[in-house]
Amino acid sequence: MGSIKSTNFRQIIDTSQQMGFPVCACSKRCTSASERLPGRSLVVICCAILLLTPIKAVCKASRTPHLFSVKVASLQEMEANKLSILLAASRIPVIDAPDSKQNRTQVADISAYVHPEDYLKAGQSKEAFSNNELDASPAINTALATGKSVILPCGYYQVNEMLQLTRYGQSLSGASRSCTTLALNIKSGPAIKYSSINQSIHDLELDFTQKNVGGSAIYSEHSSGSHLYNLVIQGAAYNGIYIVSSGGVEIDNVNFLPPRLDGELIPDPQKGPAYAGGAAITLVNDVNTGKPTLDTFLNEINISQYKYGLMITDASGVYSGSGLNIVGCKHAIVLAPGDAQTVNVVQFSNVLGDTSFDDNWYITGGGLINEVMCVNCWASSSVSGAGLSADNTNPESGQISFTNSTFLNNFSQGIKLNGMKNWNLTNITVEMNSREGAGKYPDISIMENTGDYIRIQNSFIGKGGRISALGGNTNTTYAVESSKYSLDKHLMLTGNQTAGHILGMFKLPLSRKNVINELNQGN
């Protein structure tokens, strides 16, 4: 590096004191000794002084402590301090060799962030900006238009215009979803739209303060590799998150609270779930190009009382491995491709569809559906329908598997099949269904339009479980009713146990040539 004169070392000490850095007395003595030491030794001394400086003194030089002035979790506080330290570090001069004519300034990663309060109009205050006293959307959009990411400190922000993220790697975030709220006064269309690569929206509460018609809280179009997390969506929302022809979208740790839509016609909540609006999460294709949504990851999501919890009309690769809980909707999960659409590769684990007004799981439409696999899933307590109902009409749809799953306490059947082929129902529990009226429904219906090759194996079907233990009764006719199933199709019933059916174990087709009925026991 070459030698550094003692005068430069004195300048470092003076600059540190001016910036508010506490400088120990020994550092001043080092100044007088510096003339007797080699240049490289001085560099070591300089670095030691800076490293021993308390971190909170560095934070005093930061312009952003107000972003994190509220008390948050320790992890968030640590992240806040990191931001402050990076900002301060970006302003510390770098000492060059003597042949350098001027100091350089380091650029820290935090430069990727901007602060929307810096873009307020003349006469607008920061306090009004964060306290719902003015429309915050112009300042936020101006900040986003720089192409950099935006962080909003704790506050309640009035948003009267759609917010847009258009640049690679952009994020829109708050301090936490418990203290940063966007009050969305958006009557139609999306509140937040993004359409690029590696974007994120997180740590926000999105609250529709008036009825939104046909729009959504978040709208993704042609995005790739985005991440939506640590969010609460509530208020008069129509759709929650709407994904159009996008790839690699991760949605996790999101709570969809019941939409409050004044004047919306909904069932009487005293008689069952009261749903409203559209879908909490929708996965669709681009109607102009036909390109579907690819590889969507859903985890730690709670949905309550939307018309549809999860609506999939054109997507390939939908995965959920930990916690997708949907209650109180018309249908919890809907797979409904149109004639020119496809739903392909849906892999679920630990997914709950509960207390729907109609069928909990509904697989329908005329488009192709293939490779649906669900392990440890749940479909229970439908108010007026089945646990799982399938009537998709595409003759090539099929390869549907439910394993270690439960279909419990539904109004009609536990499982109602009237379409699609290659069903695998293994190690499932179908119990205490046909809740209203004696002798109306079987636990499992296999109807005339169901496709070829149905396997029901190693399962319990009938009266059992907690409801039975508490004195409840089953009103089901048969464990499996398949009398209208085509004589040319193949049905396998092996290793099942049944109990408590009014009319018997199975009602099978007249011809048994394509039916394997072995190792079953029960009434």
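Reading the values: the criteria
- Residues numbered from 1 in each chain as written.
- Predicted model: local features only at pLDDT ≥ 70, side-chain atom pairs only at ≥ 80, totals over all residues.
- Heavy atoms only, no water.
- Helix = DSSP H or I, 4+ residues; strand = E, 2+ residues; numbered from the N terminus.
- Buried < 20%, exposed > 50% of the residue type's maximum accessible area, 1.4 Å probe, protein only.
- Contact = heavy atoms within 4.5 Å.
- Areas by Shrake-Rupley, 256 points an atom, 1.4 Å probe, with all protein chains shown as cover.
- Core = buried A, V, L, I, M, F, W, Y, C linked by side-chain atoms within 4.5 Å.
- Salt bridge = Lys/Arg side-chain N within 4 Å of Asp/Glu carboxyl O.
- Disulfide = S-S within 2.5 Å.
- Phe/Tyr/Trp six-rings, centres within 6.5 Å; stacked < 30°, edge-to-face > 60°.
- Polar contact = N/O pair within 3.5 Å; in protein donor to acceptor, adjacent residues only side chain to side chain.
- pLDDT = per-residue confidence, 0-100.
- Arc of directions from axis to C-beta.

A look at the overall build of the protein chain
Per the secondary structure count, the protein chain includes eight helices and 40 strands. Per-residue burial for the protein chain yields a buried fraction of 52% across its 523 residues. Looking at the protein chain alone, contacts between residues at least 24 apart form 72% of all its contacts between residues at least 6 apart. Only carbon and sulfur atoms are counted for the fraction: they give 51% of the accessible area of the protein chain, which is about 23,000 Å².

Remarks on the nonpolar core
Residues Leu182, Phe256, Ile303, Phe348, Trp361 and Trp423 are the most contacted members of the largest nonpolar core, which totals 94 residues. When neighbours within four sequence positions are excluded, phenylalanine 256 is seen to be in contact with Ile233, Gly240, Ile241, Ala280, Ile281, Ile301, Asn302, Ile303, Ser304 and Tyr306.

Some thoughts on unusual backbone geometry
A positive phi angle, close to 65°, is found at asparagine 132, a residue other than glycine. Following the sequence through the fold, asparagine 132 ends up in strand E4 (residues 131-135). Phi at asparagine 230 takes a positive value of approximately 50°, unusual for a residue other than glycine. The residue asparagine 230 is located in strand E13 (residues 227-235) in this model.

A word on the pattern of salt bridges
In this structure the tally under the stated criterion is two salt bridges. A salt bridge links glutamate 396 to lysine 421, with the nearest nitrogen and oxygen atoms 3.3 Å apart. Taken together, the positions of glutamate 396 in the loop between strand E27 (388-390) and strand E28 (398-403) and lysine 421 in strand E31 (residues 421-426) put the pair 25 residues apart, joining distant regions of the chain. By relative accessible area, lysine 421 is classed as partly exposed at 24%.

A short note on the state of the cysteines
Taken as a whole, this structure holds two disulfides when the rule is applied. Between cysteine 154 and cysteine 179 runs a disulfide, and the two sulfur atoms are separated by 1.9 Å. Residues cysteine 154 and cysteine 179 are joined through a disulfide that is left-handed, its torsion about the S-S bond being -55°. With cysteine 154 in the loop between strand E5 (149-152) and strand E6 (155-159) and cysteine 179 in the loop between strand E8 (171-174) and strand E9 (180-184), this pair connects stretches of sequence that are 25 residues apart. Note that cysteine 374 is cross-linked by a disulfide to cysteine 377, the S-S spacing being 1.7 Å. On the S-S bond that ties cysteine 374 to cysteine 377, the torsion sits near -90°, and the link is left-handed. The burial state of cysteine 374 is the same as that of cysteine 377; both residues are buried.

So, the packing of aromatic side chains
Any pair of aromatic rings gets described here by the distance separating the centres and the angle formed by the planes. Inspection of the entire model under this criterion finds eight aromatic pairs. Look at phenylalanine 256 and tyrosine 306: their rings are 6.1 Å apart centre to centre, the planes differ by 85°, and that puts the pair in the edge-to-face class. Of the two residues, phenylalanine 256 is situated in strand E15 (residues 247-256) and tyrosine 306 in strand E18 (residues 306-312); the sequence distance between them amounts to 50 residues. Its relative accessible area of 1% is what places phenylalanine 256 among the buried residues. A relative accessible area of 0% means that tyrosine 306 is categorised as buried. A centroid spacing of 5.3 Å and a plane angle of 20° characterise the contact between phenylalanine 297 and tyrosine 319, whose relative ring orientation is stacked. Linking phenylalanine 297 in strand E17 (residues 293-304) with tyrosine 319 in strand E19 (residues 315-320), this pair joins segments that are 22 residues apart in sequence.

Observations regarding the side chain of serine 223
Here serine 223 is to be found in the loop between strand E12 (216-221) and E13. One polar contact links serine 223 to serine 220, side chain to side chain, over a distance of 2.6 Å. When near neighbours in sequence (up to four residues on either side) are disregarded, serine 223 contacts Tyr194, Ser195, Ser196, Ser245, Ser246, Gly247 and Val249.

Here we look at the confidence of the model for the protein chain
Looking at the protein chain as a whole, its pLDDT mean stands at 81, while 75% of the residues score no less than 70. Segment residues 1-10 is flagged for pLDDT under 50; beyond a separation of four residues in sequence, or across chains, it makes 23 contacts in the model. Taken as a whole, residues 19-110 scores under 50 in pLDDT and shows 96 contacts with residues more than four places along the chain or in a different chain.

Overview of helix H7 (residues 137-144)
Structural remark: α-helix, 3.6 residues per turn; residues separated by three or four positions point the same way. Within the sequence span of H7, burial applies to Ser137, Ala139, Ile140, Ala143 and Leu144. Projected down its long axis, H7 carries its buried residues within an arc of 165°, all on one side.

Quick notes on the environment of arginine 177
Take arginine 177: it is sitting in the loop between E8 and E9. Along the chain, arginine 177 and valine 254 lie 77 residues apart, while their C-alpha atoms are 9.8 Å from each other. Beyond its immediate sequence surroundings of up to four residues, arginine 177 is in contact with Asp203, Leu204, Glu205, Asn230, Leu231, Val232, Asn253, Val254 and Asn255. Separated by 3.1 Å, the side chain of arginine 177 and the backbone oxygen of leucine 231 make a polar contact. Engagement of the side chain of arginine 177 in a polar contact is seen with the backbone oxygen of asparagine 253, the distance being 3.1 Å.

Remarks on the side chain of serine 137
With respect to the element layout, serine 137 can be found in helix H7. In this structure serine 137 touches Gln158, Val159, Asn160, Glu161 and Leu163, once residues within four positions along its chain are discounted.

Looking at the environment of isoleucine 454
Inspection of the secondary structure puts isoleucine 454 in strand E34 (residues 454-457). Classification of isoleucine 454 as buried rests on a relative accessible area of 1%. Sequence separation between isoleucine 454 and histidine 490 is 36 residues; the distance between their C-alpha atoms is 6.4 Å.

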